[in-house]
Amino acid sequence: MARLHLVPVLALLVSFGFMSNAGAVKTVKVKKTTTKKTVVVKKKRKKKKKRPVVREAPDQPRRAAGPTLVDRRLGTGIFGLRLGFNSAKQLCDCVNEPEFDSITGGLIGITKDVGINHAVSYRLEGLLVTKGALEEFDLRNADDERTGQDTREVKLTYLELGAQVLLRFTMNRAVSLYFGGGPYLAALVDTDVRLDDKKERGFNKDKYESGDYGLSLTGGALFGVNRHMGLLTSLQLTYSHGVADIYNHAKIQNDEVGSDDEDTLHNRAFYVSGGV
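The structure displayed is predicted, hence computed values, not measured ones. (Residues numbered from 1 in each chain as written. Predicted model: local features only at pLDDT ≥ 70, side-chain atom pairs only at ≥ 80, totals over all residues. Heavy atoms only, no water.)

Draft legend 1. Here's a closer look at the overall build of the chain. For the chain, the helix and strand inventory stands at two helices and 10 strands. Moving toward the C terminus, one meets the helices and strands of the chain in the order α-α-β-β-β-β-β-β-β-β-β-β. Expressed as a percentage of the 276 residues in the chain, the buried residues total 34%. Of all intrachain contacts in the chain linking residues separated by at least 6 positions in sequence, the fraction that spans at least 24 positions is 69%. By element, 58% of the accessible surface of the chain is carried by carbon and sulfur atoms, the whole surface being about 19,800 Å². (Helix = DSSP H or I, 4+ residues; strand = E, 2+ residues; numbered from the N terminus. Buried < 20%, exposed > 50% of the residue type's maximum accessible area, 1.4 Å probe, protein only. Contact = heavy atoms within 4.5 Å. Areas by Shrake-Rupley, 256 points an atom, 1.4 Å probe, with all protein chains shown as cover.)

Below is the structure:
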């Protein structure tokens, strides 16, 4: 009887335990784990704007460079003052050829330069120049015997008028090189003859012709100094080649150099001058 009463008790305990286990199961909390995702945002680089390329049309002419300062001044014509010095000598083609040496003289005058175009111009000039030579001669006694030697300085001052055609080469906007040449005519205005630095009174000044003519060759540079004032300066070297025979044969005594009509005397000179 006792065993029979235990069966329902055991069944009750078993069922109670199952219920408690089921409740435990129901109270189990499930923890959820979340993973954070890191998002990397890449910055976009700004694209550089390309500058538009302007291309000239093949048939479009290029703009020509404007006239230089030298061209502008020569285009209207410009007067200038010329100063300098020269080295002069005489060339004698004579039977009894004397010995000549060079002398140093000066020059002063006015010029006018006029441009024809960007490469060609012409120059008109009026100069007062000194030419001549040192003449070495023998001293002789009454018996025509040589007793020594002396030197005579002859300075001939001319008023010289010349015209030159110049070819110009532009170096930059302010400098132009040039060279050219042309004829000249000269009139003798003074004759100064010195012996031992004293005037030789007995010298025959009429032995020289009153005029001269020849050719001149020149080369130099033109400088534009001031753009607003339009100031133009120049520096040049000139060679003067006399063509005329400057001996006045009719005024020369017999047996003197130049008395023979075949004797000829010519002027030669180099000028170094500046202008403004």
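Draft legend 2. A look at the state of the cysteines. Within the structure shown, the criterion is met by one disulfide. Put simply, Cys 92 and Cys 94 are joined by a disulfide, and their sulfur atoms are 1.7 Å apart. Around the S-S axis, the bridge from Cys 92 to Cys 94 shows a dihedral of about -75° and counts as left-handed. Judged by relative accessible area, Cys 92 falls into the buried class, the value being 4%. The exposure class assigned to Cys 94 is buried, which follows from its relative accessible area of 12%. (Disulfide = S-S within 2.5 Å.)

Draft legend 3. Just the environment of Thr 130, in detail. Its place among the elements puts Thr 130 in strand β4 (residues 120–140). It is 9.9 Å that separates the C-alpha atoms of Thr 130 and Val 154, two residues lying 24 residues apart in sequence. Excluding anything up to four places from it in sequence, Thr 130 contacts Asn 86, Ala 88, Gly 105, Gly 106, Lys 155, Leu 156 and Thr 157.

Draft legend 4. Region of interest: the side chain of Asp 113. Here Asp 113 lies in strand β3 (residues 103–115). At a separation of 2.8 Å, a polar atom in the side chain of Asp 113 contacts the side chain of Arg 123. In contact with Asp 113, not counting residues within four places along its chain, are Leu 74, Gly 77, Ile 78, Tyr 122, Arg 123 and Leu 166. (Polar contact = N/O pair within 3.5 Å; in protein donor to acceptor, adjacent residues only side chain to side chain.)

Draft legend 5. Summary view of the packing of aromatic side chains. Inspection of every chain in the model, using the stated rule, returns three aromatic pairs. Residues Phe 169 and Phe 179 carry aromatic rings whose centres are separated by 6.0 Å and whose planes lie at 10° to one another, so their mutual orientation is stacked. Taken together, the residues span a long stretch of sequence, with Phe 169 in strand β5 (residues 146–170) and Phe 179 in strand β6 (residues 175–195) at a distance of 10 residues. The partly exposed category is assigned to Phe 179, whose relative accessible area is 44%. Both rings, one in Tyr 239 and one in Phe 270, keep their centres 5.0 Å apart while their planes meet at 40°; by these two values the pair is tilted. Pair noted here: Tyr 239 is in strand β9 (residues 231–242) and Phe 270 is in strand β10 (residues 264–275), with a separation of 31 residues, a long-range link. A residue is classified by how much of its surface remains accessible, and Tyr 239, at 25% relative accessible area, is partly exposed. The partly exposed category is assigned to Phe 270, whose relative accessible area is 46%. (Phe/Tyr/Trp six-rings, centres within 6.5 Å; stacked < 30°, edge-to-face > 60°.)

Draft legend 6. Seen up close, the environment of Glu 97. Along the polypeptide, Glu 97 turns up in the loop between β1 (78–93) and β2 (99–101). For Glu 97, a relative accessible area of 55% corresponds to the exposed category. Sequence separation between Glu 97 and Gly 258 is 161 residues, and the spatial gap between their C-alpha atoms is 9.5 Å.

Draft legend 7. Representation of a negative patch on the surface. On the surface, Asp 93, Glu 97, Glu 99, Asp 101 and Glu 136 cluster together to form a negatively charged patch. Residue class for Glu 99 comes out exposed when judged on its relative accessible area of 51%. (Patch = residues over 30% accessible without salt bridge, like charges linked within 9 Å, V, L, I, M, F, W, Y side chains within 5 Å. Salt bridge = Lys/Arg side-chain N within 4 Å of Asp/Glu carboxyl O. Lys, Arg positive; Asp, Glu negative; His and termini not counted. Charge placed at Lys NZ, Arg CZ, Asp CG, Glu CD.)

Draft legend 8. How the structure looks around the nonpolar core. Of all hydrophobic cores here, the largest spans 23 residues; its most connected members are Tyr 208 and Leu 265. Taken together, the elements giving at least two residues each to this core come down to β1, β3, β4, β5, β6 and β10. Aside from chain neighbours lying at most four places away, what touches Tyr 208 is Gln 90, Val 154, Leu 156, Leu 188, Thr 191, Phe 203, Ile 246, Asn 248 and Leu 265. Counting seven residues, the second largest nonpolar core, distinct from the first, contains Val 70, Leu 74, Tyr 178 and Leu 222. (Core = buried A, V, L, I, M, F, W, Y, C linked by side-chain atoms within 4.5 Å.)

Draft legend 9. Molecular detail of the pairing of β1. When β1 meets β3, the two strands line up antiparallel, connected through 11 bridges. By the bridge assignment for β3, Gly 80 is matched with Thr 111. (Pairing = 2+ DSSP bridges.)

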